[in-house]
Structures are given as structure tokens and as C-alpha cells.
Amino acid sequence: MSFRRDKITPFSGNNSLQCGNNVLSLDNPLVMGILNLTPDSFFDGGRYTGTDACIARTEKMIAEGASIIDLGAVSTRPGAKFITEQEEISRLIPVLELLAGRFPKMVFSVDTYRSGVARLSAAAGAGIINDISGGSMDENLIQAVTETGLPYILMHMQGTPVTMQDNPGYSDVVTEISSYFDEKIRVLAEAGIKQVILDPGFGFGKTIEHNYSLLNHLNIFKKATLPLLVGISRKSMIYKLLNITPEESLPATSALHLASLLNGADILRVHDVKEAVEVIKLAGMLSKAAD
Ligand code: YH5
């Protein structure tokens, strides 16, 4: 096992993101807490659809140290029920408006690939657009993000959510995704989007082996000071490998979060904020001891 510790630069960044009215410092790794508004999500599905439950869950994640809350109303699981743009909007926008009004200092990201949803989200107080499709599912998404002026999470996905796990294939997964980022960063810059967060898209058109290659070579994606996001919390790359359930996957998620941080992750997208904050503290102490 080799964690390229010589090249690790966590906690050394000096950059920040302007997320609407709020600024996010990236001097230390941040936690993005997941708030699922989908009735069929794999882990906490259907538990946070009520307004009061959304407020309570958000309050808890903030108290535990989350810097970003990621709201998603569309399930990207293969086999998940298709929902229309109108359904996505009616599930998402009222909750976002409520939460952004109630927690004005908090940054809310919106997990959407639709331009209409991105525009309405920005107007409702979103601070980041989180697009799992890299702009491939809606030709107007990039233009919409440009107009919002918000930071954009560029995630790599092979295929579409419906077909992506059928037979994922790469000649070299790390090289291909690295080239994908280079090209997209150029396109985004041309469109006027300079605040870009890179995300290799764990589980999105990848085998277990692909996912672990990406995690081991995460450092290669540290491009031109752009922040790196890792979303591995309770995913199948953990629970299928260990032959356990998503519910049993928190300890192993923490183990891989440490690996992610040692390899340069700046933002962890997680279900369990408290435990992710603990791992960040441990990684920070380790990195200080290396100075
Ligand atoms: C991500 O990685 N993932 S939604 C399947 C699971 C567990 C969790 C079968 N949105 C990402 O969380 N946005 C999602 O077990 C994301 N990066 C970014 N930027 C899928 C998810 C999950 C799926």
C-alpha cells in the first residue's frame, strides 16, 4: 500500500470559494452533509421528507461541524424511479428556501443536473451547484451555472445513471478521468465558471477496482489549486467488498475517509458528519506532525 505521503498537501491550501453571500475557506478539509429529499434513497431514504425532519437534520449536521449541506431530490440509483423537473422542483425548492432563510450563514449545495432547477435553486439561496453529470444531461446547465455565479462541482460519470453500472470500462481510469477534467475545466473557464470543485464520481460508472484506483491516485486530480471532493460515504465500493450492509458501513467509511484526506481530499460528502469531522482532526494532527 502506498499513500504518496511525500506529496500530500492537505491543510496547505490558501483558497476559498464565494458561495453566494457566504465564503467557504478551504484552508482545512470541509464536511458536506447529505440531506436526501428522495423517497427512495438507499440509506436514509424517505426519512427526511417532512419539513420538521429536514430542519432537525440540518441543525444536527451544523452542530456536528458540517460546512455545506447537500440537498438532493433526484435519486441517481440504477433502477430509481424517474421524476420530472416539476416534481424535482416541488420537492426541493420549498425546503431549500426554508433552510437557507433559517440558516443564512450556511452554504447549501443542490444536487441537480437540470438547468431550470439550478436557476431556481440559486434564487432560493443555494451556494453551490452539484452536478453529477458534468453538464451531459442538460445542454443548458453550464450556461445556467455561469449566470448564477456560484461554484460548480464537476463530477465524472461514465454513461447515465440508468446504465452506468452495466459494464464500466476504461483503458486507464485515472488517466481518462484526469483528461476529462482537463478538457472540462477548459470548457467551464471559457463559459466563465472559474470556481470549480473536482470530483472523480465514486460509483458512477466504475467497478470496485476502478473506485480503489481512483482513491489511491487521488493526488493526480489536484489541478491548478482546484478543490477536490470525495463522495464515498456508505457506498457499495465499501459494503459490497466487505459483504456488509450500508447501515453497517460507517467504520469502514471512516477508514477510507482518512485515506482520502491523506491523498488530498478537500471536501468529504458524508451521511455521518460527526465521524467525518473526527477523521479530519486526526488527519490534521498527522499532517502537522509531518512538518
Ligand atoms: C458523489 O459522489 N453521490 S448520490 C449509492 C450508495 C450510497 C450513496 C449504494 N451525489 C455523489 O450518495 N454528488 C451522489 O450505495 C453525489 N459526488 C457528488 N458530487 C449517490 C450516493 C450513494 C449512492
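The rules behind these values
- Residues numbered from 1 in each chain as written.
- Predicted model: local features only at pLDDT ≥ 70, side-chain atom pairs only at ≥ 80, totals over all residues.
- Heavy atoms only, no water.
- Axes fitted to C-alpha atoms, helices over the stretch in contact; angles between N-to-C directions.
- Helix = DSSP H or I, 4+ residues; strand = E, 2+ residues; numbered from the N terminus.
- Parallel < 35°, antiparallel > 145°, perpendicular 65-115°, else oblique.
- Left-handed = near helix turned anticlockwise from the far one by under 90°.
- Contact = heavy atoms within 4.5 Å.
- Nonpolar A, V, L, I, M, F, W, Y, C, P; charged D, E, K, R; others polar.
- Phe/Tyr/Trp six-rings, centres within 6.5 Å; stacked < 30°, edge-to-face > 60°.
- Buried < 20%, exposed > 50% of the residue type's maximum accessible area, 1.4 Å probe, protein only.
- Near = heavy atom within 4 Å.
- Polar contact = N/O pair within 3.5 Å; in protein donor to acceptor, adjacent residues only side chain to side chain.
- Areas by Shrake-Rupley, 256 points an atom, 1.4 Å probe, with all protein chains shown as cover.
- 1 Å grid on protein atoms, 1.4 Å probe; cavity = no way out; pocket = protein on both sides within 12 Å on 5 of 7 lines; lining within 4 Å.
- Points joined across faces, edges and corners; volume = space filled by probe spheres on them.
- pLDDT = per-residue confidence, 0-100.
- Pairing = 2+ DSSP bridges.

Caption draft 1: Structural view of the packing of helix 5 (residues 173-191) against helix 6 (residues 208-216). Look at helix 5 against helix 6: their axes get within 9 Å of each other, and the N-to-C directions meet at 65°. Relative to helix 6, the element helix 5 lies roughly perpendicular. Handedness of the crossing formed by helix 5 with helix 6: right-handed. Two secondary-structure elements touch here, helix 5 through Val173, Val174 and Ile177 and helix 6 through His210, Ser213 and Leu214. In terms of residue class, the contact of helix 5 with helix 6 is built from four nonpolar, two polar and no charged.

Caption draft 2: Here's a closer look at the packing of aromatic side chains. Counted according to the given criterion, the structure contains two aromatic pairs. On the basis of an interplanar angle of 55° and a centroid distance of 6.0 Å, the ring pair of Tyr180 and Phe181 is categorised as tilted. Residue class for Phe181 comes out buried when judged on its relative accessible area of 0%. Pairing Phe181 with Phe221 gives two aromatic rings, centres 5.5 Å apart and planes at 90°, and the pair type is edge-to-face. Pair noted here: Phe181 is in helix 5 and Phe221 is in the loop between helix 6 and strand 9 (229-230), with a separation of 40 residues, a long-range link. Neither Phe181 nor Phe221 differs from the other in exposure class; each is buried. Every member of this aromatic cluster is reached through a ring pair, and the members are Tyr180, Phe181 and Phe221.

Caption draft 3: How the structure looks around unusual backbone geometry. The residue Arg234 is not glycine, and still its phi comes out positive at about 55°. With respect to the helices and strands, Arg234 occurs in the loop between strand 9 and helix 7 (236-242). You can call Arg234 buried: its relative accessible area is 5%. Notably, Asn243 is not glycine yet its phi reads approximately 60°, a positive angle.

Caption draft 4: Layout of the site of the ligand. Around the ligand sit 16 residues, and of these Asp111, Asn130, Asp199, Lys235 and Arg269 come closest. With respect to the ligand, the backbone of Gly231 contributes an N or O atom lying 3.4 Å from an oxygen atom. Between an oxygen atom of the ligand and a side-chain N or O atom of Lys235, the distance comes to 2.7 Å. Protein chains bury 87% of the 510 Å² of accessible surface belonging to the ligand in isolation. Going through the elements one at a time, strand 7 (152-155) and helix 7 are the ones with two or more residues in the shell around the ligand. Split into classes, the residues belonging to the shell around the ligand amount to seven nonpolar, four polar and five charged.

Caption draft 5: Broad picture of empty space enclosed by the protein. Counted under the stated rule, the structure contains one cavity of 30 Å³ or more. Its boundaries defined by the atoms lining it, the largest cavity holds a volume of some 40 Å³. Around the largest cavity sit Val74, Thr76, Glu88, Asp111, Thr112, Tyr113 and Ile132, which together line it.

Caption draft 6: Molecular detail of the confidence of the model for the chain. Looking at the chain, pLDDT values average 92 and 92% of them are 70 or higher. Taken together, the stretch residues 1-13 has pLDDT below 50 and engages in 26 contacts with residues farther than four places along the chain or on a different chain.

Caption draft 7: Highlighting the sheet that holds strand 3 (residues 30-36). Judged by pairing direction, the sheet is parallel, and its eight strands sit side by side in the order 8-7-6-5-4-3-10-9 without closing on themselves. The open sheet has two free edges, formed respectively by strand 8 (196-199) and strand 9, since each of these has just one partner strand. Pairing geometry for strand 3 and strand 4 (residues 68-72), over five bridges, is parallel. Considered in strand 4, the bridge of Leu35 is made with Leu71. Contacts from helix 2 (residues 85-102) reach strand 3, strand 4 and strand 5 (107-111), with the element oriented near 175° to strand 5. In this fold helix 9 (residues 273-289) packs onto strand 3 and strand 10 (267-270), with an angle of close to 165° to the strand it touches most, strand 3.

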